[in-house]
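# Reading the structure
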Amino acid sequence: MAREATDNRPLSPHLQIYKPEYTSVLSITHRATGVALALGTLLLVWWLLAAAMGADAYATVQACLRSWFGRLLLFGWSWALFYHLANGIRHLFWDAGYGFELATAQKSGWAVVIAAAALTIVAWVVGLTARGG
Amino acid sequence: MSLRSPLARVRGLGSAKEGVQHWWMQRLTAVALVPLSLWFVAAIVCHAGAGHAQMRAWIAAPTVAIPMLLLIVATFHHAQLGLQVVIEDYVHHEGVKVASLIAVKFLAVVLAAISVFAVLKLAFGG
């Protein structure tokens, strides 16, 4: 009896069954960027350690980061950081109890997407101009 | 019906025995990382073309080394807490789950230690 009650309990459908909504896509992207950033810390560790080890090791890291693949990684990393940062601030507002209405949540979602894109572009334009291409 | 008083329940801090500690630390490190990560990206962008000597001199300054150390501690703490939730949500095999949680925690501490060592060596290494 008890067994049957637990077996027949209505379950929430899986992620694959839900139709992706704008807000749910933003939510899973927050997680995905978080995991990606955690992996990206390896880059930070490598960079700091190489700098501490000396000029040669540092030059190797810099050369890797300046290759097309290095730049692609850094570009992705910078976007992920800005996205996670902006959406994280959105989460902090929710934690404080603000912005739960659907219209507000969708608007703040758009603000996050735009802010992440804008900050990524600004960072790269400034960075590339500063070092002269 | 529970015969435990609300105070006893609060002192027990729930089934995980840590109450809102995880949730709160995740938020606290998040708030700390807002200025720290913005500072870090801005600094990296401004030093995009710097060589080793320049980079060393830059990081050795207390105004850089100290925020860098704070950034390292907050980043690895925040990353560990976040990965823990992801593992708890998606890894269903109990053994794999516990092993992953231990691995992530150890790795976060080791990587933070390496990074802190690197910054201190750059700052004091002479």
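Structure's up top.
Computed from a prediction, not measured in an experiment: that's the story for all the values here.

### Description of the packing of helix 2 (residues 22-53) of chain A against helix 4 (residues 68-95) of chain A
The relative placement of two packed helices is expressed as an angle between their axes plus a distance between the axes. Residue and element names in this part refer to chain A. Contact geometry of helix 2 with helix 4 gives a least axis separation of 8 Å together with a crossing angle of 130°. By the angle class used here, helix 2 and helix 4 are oblique. Read as a crossing pair, helix 2 and helix 4 show a hand that is left-handed. Residues Thr23, Leu26, Thr29, His30, Thr33, Gly34, Leu37, Gly40 and Leu43 of helix 2 form the contact with helix 4, whose own contacting residues are Leu74, Trp77, Trp79, Ala80, Leu81, Tyr83, His84, Asn87, Gly88, Arg90 and His91. Here the contact of helix 2 with helix 4 is built from residues that sort into 9 nonpolar, 10 polar and 1 charged.

### So, the interface of chain B and chain A
Accessible area lost upon the coming together of the parts serves often as the stated size of an interface. Each side of the interface is counted separately: chain B has 37 residues, and chain A has 31 residues. Taken together, both faces of the contact between chain B and chain A bury some 2800 Å²; the carbon and sulfur share is 79%. When the shortest N-O distance is used, the salt bridge between Asp89 of chain B and Arg31 of chain A registers 2.8 Å. In this assembly, chain B and chain A are joined by 5 residue pairs in polar contact (both at pLDDT 80 or more).

### Focus on the pattern of salt bridges
Residues and elements named next belong to chain B. As enumerated under the stated definition, the model contains 4 salt bridges over all chains in all. Glu94 is the partner of Lys97 in a salt bridge, and the nearest nitrogen-oxygen pair spans 3.7 Å. Highlighted residues: Lys97 and Glu94, both in helix 5 (residues 94-124), separated by 3 residues, approximately one helical turn.

### Observations concerning the packing of helix 2 of chain A against helix 3 (residues 52-60) of chain B
Where helix 2 of chain A contacts helix 3 of chain B, the two axes come as close as 10 Å, and the packing angle between them is 105°. Compared by their axis directions, helix 2 of chain A and helix 3 of chain B come out roughly perpendicular. In contact with Trp47, Leu48 and Ala51 of chain A of helix 2 of chain A, helix 3 of chain B contributes His52, Met55, Trp58 and Ile59 of chain B. Looking at the contact of helix 2 of chain A with helix 3 of chain B residue by residue, the classes come out as 6 nonpolar, 1 polar and no charged.

### Here's the deal with the environment of Pro20 of chain A
Residue and element names in this part refer to chain A. Structurally, the position occupied by Pro20 is in the loop between helix 1 (2-7) and helix 2. Here Pro20 falls in the exposed class, since its relative accessible area comes to 58%. For Pro20 and Thr60, which are 40 residues apart along the polypeptide, the C-alpha to C-alpha distance reads 43 Å.

### Digging into the layout of surface pockets
The volume enclosed by the largest pocket comes to roughly 950 Å³. Forming the walls of the largest pocket are 36 residues, and the residues nearest its centre are His30, Gly34 and His84 of chain A together with Gln26 and His78 of chain B. Mapped onto the lining of the largest pocket, the elements with two or more residues apiece are helix 2 and helix 4 of chain A together with helix 2 (21-46) and helix 4 (62-90) of chain B. Broken down by element, the lining of the largest pocket gets its largest block of residues, 11 residues, from helix 2 of chain A.

### Considering the nonpolar core
In this structure, Trp47 and Leu48 of chain A together with Trp58, Ile59, Met68 and Ile72 of chain B are the most contacted members of the largest nonpolar core, which totals 30 residues. Counting only elements with at least two residues in this core, the list comes to helix 2 and helix 3 (55-66) of chain A together with helix 2, helix 3, helix 4 and helix 5 of chain B. The residues touching Leu48 of chain A, leaving out its near neighbours within four places in the chain, are Ile59, Met68, Ile72, Ser115, Ala118, Val119 and Leu122 of chain B. By size, the runner-up hydrophobic cluster in this structure holds 14 residues, among which are Leu26, Phe82 and Tyr83 of chain A together with Val34 of chain B.

### Notes on a nonpolar patch on the surface
Residue and element names in this part refer to chain A. On the surface, Trp68, Phe69, Leu72 and Leu73 cluster together into a nonpolar patch covering about 500 Å² of accessible area. Locating Leu73 in the fold gives a position in helix 4. When its relative accessible area of 44% is taken as the criterion, Leu73 is described as partly exposed.

Thresholds applied
Residues numbered from 1 in each chain as written. Chains lettered and ligands numbered in written order. Predicted model: local features only at pLDDT ≥ 70, side-chain atom pairs only at ≥ 80, totals over all residues. Heavy atoms only, no water. Axes fitted to C-alpha atoms, helices over the stretch in contact; angles between N-to-C directions. Helix = DSSP H or I, 4+ residues; strand = E, 2+ residues; numbered from the N terminus. Parallel < 35°, antiparallel > 145°, perpendicular 65-115°, else oblique. Left-handed = near helix turned anticlockwise from the far one by under 90°. Contact = heavy atoms within 4.5 Å. Nonpolar A, V, L, I, M, F, W, Y, C, P; charged D, E, K, R; others polar. Buried area = accessible area lost by both parts, 1.4 Å probe. Salt bridge = Lys/Arg side-chain N within 4 Å of Asp/Glu carboxyl O. Polar contact = N/O pair within 3.5 Å; in protein donor to acceptor, adjacent residues only side chain to side chain. Buried < 20%, exposed > 50% of the residue type's maximum accessible area, 1.4 Å probe, protein only. 1 Å grid on protein atoms, 1.4 Å probe; cavity = no way out; pocket = protein on both sides within 12 Å on 5 of 7 lines; lining within 4 Å. Points joined across faces, edges and corners; volume = space filled by probe spheres on them. Core = buried A, V, L, I, M, F, W, Y, C linked by side-chain atoms within 4.5 Å. Patch = residues over 30% accessible without salt bridge, like charges linked within 9 Å, V, L, I, M, F, W, Y side chains within 5 Å. Areas by Shrake-Rupley, 256 points an atom, 1.4 Å probe, with all protein chains shown as cover.

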